[in-house]
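The chain contents come next:
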Amino acid sequence: MLEVRNVDLHYGAAHALRSVSLTCRPGEVTCLMGRNGVGKTSLLRAVMGQHPISGGEIVWDGKAFGASPPYERARRGLAMVPQGREIFPLLTVGENLQTGFAGLPPAQRRIPDDVFELFPVLSSMMNRRGGDLSGGQQQQLAIGRAMVRRPKLLLLDEPTEGIQPSIIIQIGNAIDYLRQRGDMAILLVEQYFEFARDLADTFAVMERGEIVMSGTRAEMDEDKIRANMTV
Ligand SMILES: Nc1ncnc2c1ncn2[C@@H]1O[C@H](COP(=O)(O)OP(=O)(O)OP(=O)(O)O)[C@@H](O)[C@H]1O
């Protein structure tokens, strides 16, 4: 279980996270929503260890991360699908997936079958360069690369951004499948309300670095949330 407790984060003098608290449990999708620039990506960076926090603590399975670097958090079961996907354009699809092997014990260095079951297009494009894939295919590749690590906490930063509807459905199905396996906590940053509502077990809405609304899926008030998502 992930527990973000009263976390603050600064970029120089700019206060990007203000006493943010959030919990993510295995077998659940926690949806983090809010307008551009309110601090959603900053929270993912803080959890992954990509930016130091200036207050509070982030606890994973009962132990605080402290200042541990991203590779150590990856070893402890965290994987991130970053905004913009960050596929290696000159590596093939297969090689991109294999970059997920880094730090895994040799016995685990194989691509799980369910990556190809969820995203069949990847198996037919194994020898194509990542940069030649469409945006939606790259997003599937980025999720597949994270799955290669068999994470216990999956962080997804706006996986539907700029993606065509048919692929959004496949990505939603993949997230639902990973949730139902029950061994993974999923923290999903999402601006597309319907997608978030269909997947969320719990949700939180941010505004200027703070969580201003949170609760279970049943407590998601569409009008209030939408008011916090439109510019
Ligand atoms: N590296 C940085 N240096 C300085 N300020 C930053 C940096 N990264 C983000 N910020 C600022 O911190 C605030 C929160 O940004 P963040 O990217 O976390 O927001 P977000 O909610 O993820 O938005 P988006 O949906 O646009 O990614 C913004 O005001 C942003 O301009």
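Throughout what follows, the structure given in this document is the object of discussion. (Residues numbered from 1 in each chain as written. Predicted model: local features only at pLDDT ≥ 70, side-chain atom pairs only at ≥ 80, totals over all residues.)

Let us now look at the environment of Ser68. Mapping Ser68 onto the fold places it in the loop between β5 (63-64) and α2 (70-75). Residues within four places of Ser68 in sequence aside, it is in contact with Gly49 and Arg73. (Helix = DSSP H or I, 4+ residues; strand = E, 2+ residues; numbered from the N terminus. Contact = placed C-beta atoms within 7 Å.)

Let's shift gears to unusual backbone geometry. The phi torsion at Ser19 lies on the positive side, around 45 degrees, for a residue other than glycine. Here Ser19 is to be found in strand β2 (residues 14-24). The phi torsion at Arg85 lies on the positive side, around 75 degrees, for a residue other than glycine. Secondary-structure assignment places Arg85 in the loop between β6 (78-81) and α3 (93-98).

Counted at 1.5 Å a residue, the expected span for helix α7 (residues 165-181) with its 17 residues is 24 Å, and the 25 Å between its end C-alpha atoms agrees. Within the sequence span of α7, burial applies to Ile171, Ala174, Ile175, Leu178 and Arg179. Viewed end-on, α7 has its buried residues packed into an arc of 135 degrees, placing them on one side of the element. Projecting away from the buried face of α7 at angles above 90 degrees are the exposed residues Pro165, Ser166, Asn173, Tyr177 and Gln180. For α7, the secondary structure elements touched by its buried residues are β3 (29-33), α4 (113-118), α6 (135-147), β7 (153-157), β8 (185-189) and α8 (193-199). The positive-phi residue at the C-terminal boundary of α7 is Gly182, with phi of around 90 degrees. (Expected span 1.5 Å × (residues − 1). Buried ≥ 20, exposed ≤ 12 C-beta atoms within 10 Å, placed from the backbone. Arc of directions from axis to C-beta.)

Within the largest apolar cluster, 65 residues are counted, with the highest numbers of intra-cluster contacts made by Cys31, Leu32, Val47, Leu154, Leu155, Ile186 and Leu188. Excluding its chain neighbours within four sequence positions, the residues that come into contact with Cys31 are Leu188, Glu190, Ala196, Leu199, Ala200 and Phe203. (Core = buried A, V, L, I, M, F, W, Y, C linked by C-beta atoms within 7 Å.)

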